[in-house]
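Listed below are the residues making up each chain.
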Amino acid sequence: MTTRSSSKARYRLSLTWRVIALSSLLLLALVALFIWLGQYHLTQQLESSRMESHERQQREISLAMQRSSDNLRQLAGLTAAAPELGSALQENNQDELAEVLRAQWPSLQLEAGIDEIFVFNTQGTRVGYSGTNDPLIDLPIQGWIGSVLTTESPITTLRCTRTCQQFAAVPVLMEGASIGMVVLSRSLADVTRQAKEVSNSEIALMVTGRITGSPPPEALLLEDWNSHILALTNRDQTLSLLQRASQDVVLNQLVHMPFSLEYMNRYFELSAVYMEEDADWRSTGYFLLISDITPQITAIRTATKTLLVVGLVGWLAAELLLLIILLGPMARLRRVAGLLPALASGEFRRVRDKLPLPRRHFSNEIDRLEDSTRELSHQLEALEQSVQEHSGQLAERVDELAKERDFVNSLLDAAQVFIVVQNSTGRIQLINGYTLERLGLKDADVIGRHFSDIFDQNAHLALPSNNADEANSESNANGSTVTHPSASNQEEKTFQTLDRRSFTVVWYHAFLANSNNHDASKISVGLDITERKAAEARLTWLAEHDPLTELYNRRYFQDALKRAIANQAKGAVLLLDLDQFKETWFQVITAISLRGE
């Protein structure tokens, strides 16, 4: 059995490792996706919890400020209700007012954290004062006097400039009439302490805008936010953190969304609470909350690492299990794949010896493949024997056909007739040597050309050009349309050779026996009748001319006259009478003959 030689294919990666690689890529992609989803959900949960904590801190700080404001208003009401204060204010006795304030001041300062007490008369003039700070001179006293004395209702407000203080103004009533106003002020230190206890975060009290009076210390200024810090817990750590944050984020964003940053290998979150009750339009107060979220970030990273480790361990376990499962079947599959080249080389017995015996129980696809390979080896061996038996017969038949072909070719070449084989479109497929000799052409100049291009009176025979195959096979050299050779048994055609000799040939056409109706090839046999046609033409000429004078004779004259009469043509017959015509013509002929001798 003859086999086609082929180069050995080199497999850089076996099927087992390809499966392992592809499954590894898939599993690693899934592990990465699960880790990313886990980290994403944990981060979302952290952000959600921090947002809830931020909103809760805002509510608690606002509630603490409201409680502090209500408490301050109550203390102001109790102070204004003292009988001694009302009588001293009504009598405009400033010494007695000072004595009354000195009596109440210790309890208000120590127990309630009051910073200042103001007493004003109905004209807005301060008539009494007690406090630890310099008295403020930019308070809207006239507005407060007008509102309190008109409505006889207390008011509370918050003002942040160099400090943030809550104010409570209540009327002093005497016999049902307002005779003045008492104003108590207290800083937000207590609120700051309460906010720190509630939020478990570092608290900073900050004021933005124009600073009146002497500026605060330079270390407490935040130039990027145009603000200064009034109060700060854990100053050594949080001050530098706030300076760093002021460069990275806008202050207004902290009111709506906490901001996270990494500082000194720890993670912090900043949020701000806007003091809506601040009545000073020149500045704005904020509570800043600084929370250490390093434990939460560490927990997320730990969970992510745990997911990564678990995913990698699961991936390794899955790949190891897959490798164990595939090792046996893939080894058998490699063995069958290694035997196939031997099967192609004709080593059938060696292939059968390498294959194990067929298994009867729990067979799988590989068992079926081995059985099929074994059966294929038997069939190929039988086929090779059969091919070898028929190869000799085929060789003998080929020799016989070659001999017959040579005999036919020699017969065609020896025949002194024109023999041409055409396909269904009239193109020449075979031509004998006699025809080529008469045409003066070679076999390559004729094969593939149309029959009418060569063997037709209207066709001018020439060697084919480079684009002869692309030319229209239906047109001759003069541009006139040439029809295909007739399918009739006999036809007559005239053609010229390259040396301008003309031949008239009678062609006999016949379809070949092995041709069908759709692709009918035919053989054309032509006989040269050029000399016979010339003799026929000579006889026709002699029948109508006088051999001596080469003029038309009486027979031609009578035929022409009959045709004219039959066609009713108009004409005339001229009769000439020449005297002694024969003697004169005989003398001329004699003179010509003597001169020729």
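The rules behind the values
- The written sequence of each chain sets the order in which its residues are numbered from 1.
- Where local features are concerned, this predicted model is filtered to residues with pLDDT of at least 70; where side-chain atom pairs are given and counted, the filter is 80 or more; whole-chain, interface and lining totals use all residues.
- Side-chain measures here rest on the full set of heavy atoms in the structure, leaving out hydrogens and waters.
- To qualify as a helix, a DSSP run of H or I must reach at least 4 residues; to qualify as a strand, a run of E must reach at least 2; elements of each kind are numbered from the N terminus.
- It only takes one pair of heavy atoms within 4.5 Å for two residues to be counted as in contact.
- With residues, only the protein chains shown are counted as cover, and all accessible areas are computed by Shrake-Rupley using a 1.4 Å probe.
- Strands are labelled as partners when DSSP assigns at least two bridges between them.
- Between the N-to-C directions of two axes lies an angle of 0 to 180 degrees, each axis being a line fitted to C-alpha atoms and, for a helix, fitted only over the stretch in contact.
- Here a helix's expected span is defined as the number of its residues, less one, multiplied by 1.5 Å.
- The reported bend at a residue is simply the angle between two axes, fitted to the 7 residues ending at it and to the 7 residues beginning with it.
- Any Lys or Arg side-chain nitrogen found within 4 Å of a carboxyl oxygen on Asp or Glu counts as a salt bridge.
- We call a residue buried when its accessible area falls under 20% of the maximum for its residue type, exposed when it is over 50%, and partly exposed in between, using a 1.4 Å probe and counting protein chains only.
- Just so you know how the angles are binned, under 35 degrees is roughly parallel, over 145 roughly antiparallel, 65 to 115 roughly perpendicular, and the rest oblique.
- By convention the crossing between two helices is left-handed if the near helix lies anticlockwise of the far one by an angle smaller than a right angle, and right-handed if it lies clockwise.
- Residues are grouped as follows: Ala, Val, Leu, Ile, Met, Phe, Trp, Tyr, Cys and Pro are nonpolar; Asp, Glu, Lys and Arg are charged; all remaining types, including Gly, are polar.
- Confidence per residue, as judged by the predictor, is encoded in pLDDT with a range of 0 to 100.
- For this analysis, a nonpolar core means a set of buried residues of the types Ala, Val, Leu, Ile, Met, Phe, Trp, Tyr and Cys, connected via side-chain atoms within 4.5 Å.
- The patches described consist of residues with a relative accessible area above 30% and no salt bridge, like charges being joined within 9 Å and nonpolar side chains (Val, Leu, Ile, Met, Phe, Trp, Tyr) within 5 Å.
- For Phe, Tyr and Trp, where Trp contributes only its six-membered ring, two rings pair if their centres lie within 6.5 Å, and the inter-plane angle classes them as stacked under 30 degrees, edge-to-face over 60, or tilted in between.

### Examining the overall build of the protein
Each helix and strand in the protein was counted, giving 16 helices and 16 strands. For the protein, restricting intrachain contacts to residue pairs at least 6 apart in sequence, the fraction spanning at least 24 positions comes to 53%. Accessible surface, the protein as shown: approximately 37,700 Å² in total, 55% of it carbon and sulfur.

### A few points about the pairing of strand β13 (residues 428-431)
Sheet analysis places strand β12 (residues 418-422) next to β13, joined by 3 bridges and oriented antiparallel. Of the residues in β13, the one forming a bridge with Gln-422 is Ile-428. With antiparallel pairing between neighbouring strands as the criterion, β12 and β13 make up a hairpin whose turn holds 5 residues, including Gly-426 at a positive phi of roughly 90°.

### Brief notes about the sheet that holds strand β3 (residues 155-160)
Spatial strand order, β2-β1-β5-β4-β3: 5 strands in an open sheet with antiparallel pairing. Lying at the two open borders of the sheet, with one neighbouring strand each, are β2 (126-131) and β3. Taken over all neighbouring pairs, the strand axes of this sheet differ in orientation by 20° on average, direction set aside. Two elements, strand β4 (residues 164-174) and strand β5 (residues 177-187), share 10 bridges in a ladder whose sense is antiparallel. Considered in β5, the bridge of Leu-173 is made with Ser-178.

### Notes on unusual backbone geometry
Here Asn-92, not a glycine, exhibits a phi torsion of approximately 60°, which is positive. For Asn-92, the position within the fold is in the loop between α2 (83-91) and α3 (94-112). At Asn-226, a position not held by glycine, the phi torsion is positive, near 55°.

### Some remarks on helix α8 (residues 294-344)
Since the α-helix packs 3.6 residues into each turn, any two residues three or four apart lie on the same face. The terminal C-alpha atoms of α8 lie 70 Å apart, and with 51 residues this matches the ideal 75 Å at 1.5 Å per residue to within 8%. Residue Leu-327 marks the point of greatest curvature in α8, where the axis turns by about 40°; the proline Pro-329 follows within four residues.

### Some remarks on the pattern of salt bridges
Per the stated rule, a full pass over the model turns up 15 salt bridges. The salt bridge involving Asp-367 is made with Arg-332; its shortest N-O contact spans 2.1 Å. Pair noted here: Asp-367 is in helix α10 (residues 365-414) and Arg-332 is in helix α8, with a separation of 35 residues, a long-range link. Residue classification places Asp-367 among the buried positions, given a relative accessible area of 4%.

### Digging into the packing of helix α1 (residues 15-80) against α8
At a minimum axis separation of 9 Å, α1 and α8 run at an interaxial angle of 165°. The pairing of α1 with α8 is recorded here as roughly antiparallel in orientation. Where α1 crosses over α8, the handedness of that crossing is right-handed. Here the residues of the contact of α1 with α8 sort into 24 nonpolar, 9 polar and 3 charged.

### What to know about the sheet that holds strand β15 (residues 502-511)
Think of a sheet as strands paired side by side through backbone hydrogen bonds, with each pair either parallel or antiparallel. The sheet built from 5 strands is open, its strands ordered β13-β12-β16-β15-β14 with antiparallel pairing. Every interior strand has two partners, whereas the edge strands, β13 and β14 (490-496), have only one. For this sheet the average axis-to-axis angle between neighbouring strands, irrespective of direction, equals 30°. Here 7 bridges tie β15 to strand β16 (residues 522-528), and the two strands are oriented antiparallel to one another. For Trp-507, the partnering residue across the bridge sits in β16 and is Gly-526. This element, helix α14 (residues 530-544), spans β14, β15 and β16 of the sheet and lies at about 120° to β15.

### Looking at the confidence of the model for the protein
Per-residue confidence for the protein averages 78 on the pLDDT scale, and 83% of its residues sit at or above 70. Throughout residues 1-9 the model reports pLDDT below 50, and contacts reaching past four residues in sequence, or to other chains, amount to 5 contacts. Here residues 459-487 scores under 50 on pLDDT; set against residues more than four positions off or in separate chains, the count is 49 contacts.

### What about the nonpolar core?
Ranked by size, the top nonpolar core spans 24 residues in total, and within it Ile-114, Ile-117, Val-119, Val-182 and Leu-184 carry the most contacts. Elements that contribute at least two residues to this core include exactly α1, α2, α3, β1 (116-121), β4 and β5. With 6 residues, α3 is the largest single contributor of residues to this core. Not counting residues up to four positions away in its chain, the partners in contact with Leu-184 are Leu-72, Leu-75, Ala-76, Thr-79, Ile-114, Glu-116, Ile-117, Gln-166, Phe-167 and Ala-168. Ala-245, Leu-251, Val-255 and Tyr-286 belong to the second largest nonpolar core, which has 23 residues in total.

### Some thoughts on the packing of α2 against α3
Direction vectors running N to C along α2 and α3 enclose 160°, while the axes themselves pass 8 Å from each other. By the angle class used here, α2 and α3 are roughly antiparallel. Seen from above, α2 lies across α3 with left-handed handedness. Mapping the contact onto sequence places Glu-84, Leu-85, Ser-87, Ala-88, Leu-89 and Glu-91 in α2 and Glu-96, Leu-97 and Val-100 in α3. Along the lines of polarity and charge, the residues of the contact of α2 with α3 split into 5 nonpolar, 1 polar and 3 charged.

### Quick notes on a nonpolar patch on the surface
Together, Leu-26, Leu-30, Leu-33, Phe-34, Trp-36 and Tyr-40 give the surface a local cluster of nonpolar side chains, amounting to about 620 Å² of exposed area. Along the chain, Tyr-40 turns up in helix α1. For Tyr-40, a relative accessible area of 38% puts it in the partly exposed group.

### Some remarks on the packing of aromatic side chains
A complete count under the given rule lists 14 aromatic pairs for this structure. On the numbers, 5.6 Å between centres and 50° between planes, the contact of Tyr-274 with Tyr-286 is tilted. Linking Tyr-274 in strand β10 (residues 266-274) with Tyr-286 in strand β11 (residues 283-292), this pair joins segments that are 12 residues apart in sequence. Tyr-274 sits in the partly exposed class, given a relative accessible area of 38%. You can call Tyr-286 buried: its relative accessible area is 7%. Summarising the aromatic geometry, the rings of Phe-418 and Phe-495 are spaced 6.0 Å apart at their centres and angled 90° between planes, so their arrangement reads as edge-to-face. Within this pair, whereas Phe-418 is found in strand β12, its partner Phe-495 is found in strand β14, the two being separated by 77 residues in sequence.

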